[in-house]
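Structure at a glance
Below are the chains, spelled out letter by letter.
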Amino acid sequence: MRVWAGFVLAMASMMPLPRPVQSGAVDNAWELPPLILPDIHGQEHSLHEWAGRVILLNFWATWCRPCRIEIPELIAFQESYGPLGLQVVSVGIDDQRKLRNYARSIGINYPVLVTGTTAGRELLRRWGNRAGVLPFTVVIAQDGHLVFMREGIFDREALETYVLPLLQGQRAPDPGTVARDP
Amino acid sequence: MDMNAAPFLRVSRVFGLAVTLVLIASLQAQAVSAPQVLARVGDAEITALDLEQALMSSPIADQLLTLDPKEQARIRGDMLVRLVDFQLLYQEALALGLDKTPQFQREMTNFRTGLLAQKYELKLRDEVQVPEKVDARIREQLKGDGDAIEAARSAYVARAYKALKAKRVEELKERYGVKVYPERLEQDPKPDTVLAEGDKFRIYYRDLVFGSPERPMEMYDQLDGLVELLVFARAGLEAKLDIADQMEEFRRDLLARMVVDRKKREWIPDRKTLVAYFQAHPELGRVAEKREIAQIVVATRELAEELRKRILQGESFYKLAKEYSIDPYGRKHAGQMGWLPEGSGMPQIESALKGLKDGQVSQVIQTPKGFHLVMIERRIPGRQQTFGEIEDRVERALMQEKMAPYLQELAKRYPIQWTMEDHVEPSDVQAH
């Protein structure tokens with residue numbers, strides 16, 4: 001299953017972007033059911049806590065190799081652009097203890113929220129990732145506008161294209177990447 | 001972020017040394033910048049980078065960082081000990097002059113040939129690109145379907161690579177004047193029958209390591225494969241492909257392995273030795289009885305006695321376990337603890353289980369966890385395995401037993417210096 005997920009993911013990361021917007025798609029994070037989850041230390045958080053910042057919402061798991069590849073980059077993004085208004089928030093679809101150990105070992109400097117496999121799959125679907133492929137990243141603008149979502153590794157190029165303009169007070173290019181359930 | 005949780009670890013050396021290591025659990029291969037020396041073996045150094053690289057290429061790599069700090073430290077410690085052992089064996093191999101032996105030279109040559117050919121094939125694959133025109137056509141036909149576009153590109157590359165490879169083999173055969181004599185395979189070949197030859201190489205019948213004259217197609221395929229390997233290796237050599245790092249790694253592994261093989265021949269000269277060892281250690285073949293256990297744990301003896309009475313009067317063990325057990329797992333699973341091998345429980349419980357019949361509830365057993373009632377639901381009897389069933393395990397056990405004092409002996413010749421004094425917790429150091 002994981003091998004397949006990795007394969008799907010490898011394919012997904014090569015998929016051409018942007019994808020077209022589906023008609024009737026919700027395009028604002030704050031119009032979705034609130035995302036409320038405990039973090040790796042058991043403290044409950046709502047995604048709305050970070051409203052007003054540019055949120056890079058990253059779904060991952062410790063067993064997912066591509067997820068582990070992108071995490072050092074996400075740490076660097078948070079460190080460099082956190083003071084400018086970026087907030088990386090991750091949702092680990094995994095065992096809390098594994099996530100906590102991993103976060104400590106690698107020095108993750110942003111919140112890691114926790115959810116189980118079944119709930120995680122539903123959450124992914126709700127956020128537009130029907131195949132349940134990891135990693136999966138959503139960029140939410142300061143006003144909640146969903147700017148970008150993509151399965152596969154979120155790289156620096158994506159950051160420069162979709163996140164940095166928002167931090168500089170510009171509109172992100174209109175990529176039409178938001179393909180999700182209404 | 002819990003970065004201060006530096007784990008402490010006690011490593012009991014096979015050499016009788018005791019070292020307490022503090023390893024930074026967050027250390028990662030890519031994060032190691034300065035080559036911190038962890039140990040010296042003779043003149044060789046083992047650095048934190050060596051350790052992390054070894055860990056990252058081990059099967060545990062995927063889970064390592066998800067483990068608790070102490071467990072991570074234990075694994076790092078074990079790996080460091082293995083690296084030290086490896087160094088001891090490597091240095092002994094050099095001292096024994098094993099790098100001058102024909103076996104070593106032969107294995108190095110074979111590995112080099114295979115590696116060069118493999119690298120040349122990779123280079124060849126890189127030469128295949130999807131032409132702009134073909135790519136445009138694929139994109140046009142499969143508009144926006146990323147997966148299908150990628151699959152179509154891969155299929156194109158695979159086909160083109162196959163054709164390019166076949167063409168290149170023929171070109172190289174011509175360049176190196178290779179002549180192949182497949183017909184000789186059907187003419188009662190002898191070990192020194194030449195099946196192919198070219199500039200600076202020959203393939204003999206004895207080089208075909210598997211297959212038999214009864215299955216000539218397999219032998220033809222093997223011959224083709226060998227010819228391909230040799231011409232690619234030659235082309236790789238001419239292209240000056242860089243294989244130095246892999247060769248060095250292989251050289252060290254091979255030498256260490258050769259020392260172990262030598263000792264193995266000395267310690268286990270024949271199968272009789274293994275049989276004798278098995279007879280002296282029958283426990284190696286002992287398969288413990290497995291029992292499906294039900295359990296209730298409560299906080300007081302009175303309650304345990306009361307529940308026991310109720311069970312004896314006909315109430316369900318499982319229902320009561322679900323209602324009263326203070327053990328979270330047992331409560332959740334209505335007391336069903338699953339299949340457990342004999343000897344795996346706490347001593348008090350093991351001893352109570354000993355005289356118990358299937359379906360019979362035990363007396364109240366007191367342990368530090370509380371007051372237990374246990375019951376064996378079903379059991380699979382234990383048995384003694386035969387030598388034939390576990391020959392490999394017997395060999396490993398004997399090797400392990402012999403290897404410990406041997407490494408200790410090597411450590412006297414190539415002294416080990418642990419260079420982690422700064423990290424030793426005095427209170428944790430014990431003399432062994």
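Our structure is the block above this text.
Below is a summary of the structure that appears in this document. (Residues numbered from 1 in each chain as written. Chains lettered and ligands numbered in written order. Predicted model: local features only at pLDDT ≥ 70, side-chain atom pairs only at ≥ 80, totals over all residues.)

This part is about the overall build of chain A. Tallying secondary structure elements over chain A gives 5 helices and 7 strands in all. For chain A, the succession of helices and strands along the chain, N to C, is α-β-β-β-α-β-α-β-α-β-β-α. Looking at chain A as a whole, 42% of its 182 residues qualify as buried. Restricting the contact set of chain A to residue pairs at least 6 apart, pairs at least 24 apart contribute 71%. (Helix = DSSP H or I, 4+ residues; strand = E, 2+ residues; numbered from the N terminus. Buried ≥ 20, exposed ≤ 12 C-beta atoms within 10 Å, placed from the backbone. Contact = placed C-beta atoms within 7 Å.)

Residues and elements named next belong to chain B. Relative to the assigned elements, Ala152 resides in helix α6 (residues 146-175). Residue class for Ala152 comes out partly exposed when judged on the 19 C-beta atoms lying within 10 Å of it. Expressed as a C-alpha distance, the spacing of Ala152 and Asp135, which sit 17 residues apart in the sequence, is 9.1 Å. Filtering out sequence-adjacent residues up to four positions away, Ala152 remains in contact with Ile138 and Leu142.

Sheet strands associate in pairs through backbone hydrogen bonding, adopting either a parallel or an antiparallel arrangement. All names here are of chain B. One open sheet holds the 3 strands; their spatial order is β5-β6-β7, and the pairing between them is antiparallel. At either end of the open sheet lies a strand with only one pairing partner, and these are β5 (179-180) and β7 (201-204). Sitting on the sheet, helix α7 (residues 216-238) is in contact with β5, β6 (194-198) and β7, with an inclination near 160° to β7. (Pairing = 2+ DSSP bridges. Axes fitted to C-alpha atoms, helices over the stretch in contact; angles between N-to-C directions.)

Within the largest apolar cluster, 73 residues are counted, with the highest numbers of intra-cluster contacts made by A:Leu134, A:Val139, A:Ile140 and B:Val84. A total of 8 residues in this core trace back to one element, the largest contributor, which is helix α3 (residues 69-95) of chain B. Contacts of A:Val139, omitting those with residues within four sequence positions, involve A:Val54, A:Leu56, A:Val147, A:Phe148, A:Tyr162 and A:Val163. Among the nonpolar cores identified, the runner-up in size contains 18 residues, and B:Ala294, B:Val364, B:Ile365 and B:Leu373 belong to it. (Core = buried A, V, L, I, M, F, W, Y, C linked by C-beta atoms within 7 Å.)

That is the geometry; function is a separate question.
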